[in-house]
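Architecture at a glance
Chain by chain, the residues:
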Amino acid sequence: MRASKPDCIGFIGLGLMGEPMARNLLRAGTPLVVWNRTRARCRSLEDAGAAVAEDAAEVFARCEIVILMLLDDPAVDAVLERHSPAFVLGAADMVAVIRAIEARSALIED
């Protein structure tokens, strides 16, 4: 049985789309734990009250819900270390993967 985690949301990926989304969660009063592969991207959110994790695994360890705002599947694989013993996806109770797709990928061909 997993120990209870505090009521916070984890946010991984603080690029052009992720940083404003995470900032909105902070403005709404949501306790937030953030991480980005480029540590400097966390600074403004840390100044606004977010906790900054040392790595992605720490975000999953601290939060029941984790939002991934990453560019593409290779970025998700790299951050989560999929296909390795360190794979952290199962550490969270709920993971939301949000990303943009190219317009041509959204087209349905007959």
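Above: the structure in question.
The following paragraphs examine the structure supplied in this document.

Procedures and definitions
- Residues numbered from 1 in each chain as written.
- Predicted model: local features only at pLDDT ≥ 70, side-chain atom pairs only at ≥ 80, totals over all residues.
- Heavy atoms only, no water.
- Helix = DSSP H or I, 4+ residues; strand = E, 2+ residues; numbered from the N terminus.
- Contact = heavy atoms within 4.5 Å.
- Areas by Shrake-Rupley, 256 points an atom, 1.4 Å probe, with all protein chains shown as cover.
- Buried < 20%, exposed > 50% of the residue type's maximum accessible area, 1.4 Å probe, protein only.
- Pairing = 2+ DSSP bridges.
- Right-handed = clockwise from strand over helix to strand, strands pointing away.
- Salt bridge = Lys/Arg side-chain N within 4 Å of Asp/Glu carboxyl O.
- Core = buried A, V, L, I, M, F, W, Y, C linked by side-chain atoms within 4.5 Å.
- Arc of directions from axis to C-beta.
- Polar contact = N/O pair within 3.5 Å; in protein donor to acceptor, adjacent residues only side chain to side chain.

Helix and strand counts for the chain come out as 5 helices and 5 strands. Counting from the amino terminus, the chain carries its helices and strands in the arrangement β-α-β-α-β-α-β-α-β-α. Relative to all contacts within the chain whose residues are 6 or more apart in sequence, the contacts with residues 24 or more apart total 57%. Accessible surface, the chain as shown: approximately 6,900 Å² in total, 55% of it carbon and sulfur.

Turning next to the pairing of strand β1 (residues 9-12). Because side chains alternate across β1, one face comprises the buried residues Ile9 and Phe11, and the other comprises Gly10 and Ile12, equally buried. In the sheet, β1 pairs with strand β2 (residues 32-35) via 4 bridges, with the strands oriented parallel. Bridge pairing links Phe11 to Val34 in β2. Since β1 and β2 lie parallel, the crossover through helix α1 (residues 18-27) that links them has a hand, and here it is right-handed.

Going through the model one piece at a time under the given rule, you end up with 2 salt bridges. A salt bridge links Glu19 to Arg23, with the nearest nitrogen and oxygen atoms 2.7 Å apart. One end of the pair is Glu19 and the other is Arg23, both in helix α1 and 4 residues apart, which spans about a single turn. Exposure remark for Glu19: the relative accessible area of 18% places this residue in the buried category. A salt bridge links Arg62 to Glu58; its shortest N-O distance comes to 2.9 Å. Of this pair, Arg62 and Glu58 both sit in helix α3 (residues 56-62), 4 residues apart, which is roughly one turn of the helix.

With 16 residues, the main nonpolar core has Ile12, Trp35, Val59, Val66, Leu68, Leu70 and Val79 as its most contacted residues. Those elements giving two or more residues to this core turn out to be β2, α3, β4 (65-69) and α4 (73-80). No other element matches α4, which puts 4 residues into this core. Ignoring any residue separated from it by four or fewer positions in sequence, one finds Val59 in contact with Gly10, Phe11, Ile12, Val33, Val34, Trp35, Ala53 and Val66.

Turning next to α4. Three or more residues of α4 are buried, namely Ala75, Val76, Val79 and Leu80. Here the buried residues of α4 occupy an arc of 115° about the axis, which is enough to place them on one side. Backbone nitrogen of Ala75 and a side-chain oxygen of the N-cap are separated by 3.0 Å at the start of α4; the cap is Asp72.

Its place among the elements puts Gly15 in the loop between β1 and α1. Each C-alpha atom of the pair Gly15 and Thr38 lies 9.5 Å from the other, and the pair is 23 residues apart in sequence.

The subject of this paragraph is the pairing of β2. Neither face of β2 is exposed, since Leu32 and Val34 on one face and Val33 and Trp35 on the opposite face are all buried. One ladder, built from 2 bridges, connects β2 with strand β3 (residues 51-52); its direction is parallel. Looking at the pairing, Val34 lines up with Val52 of β3.

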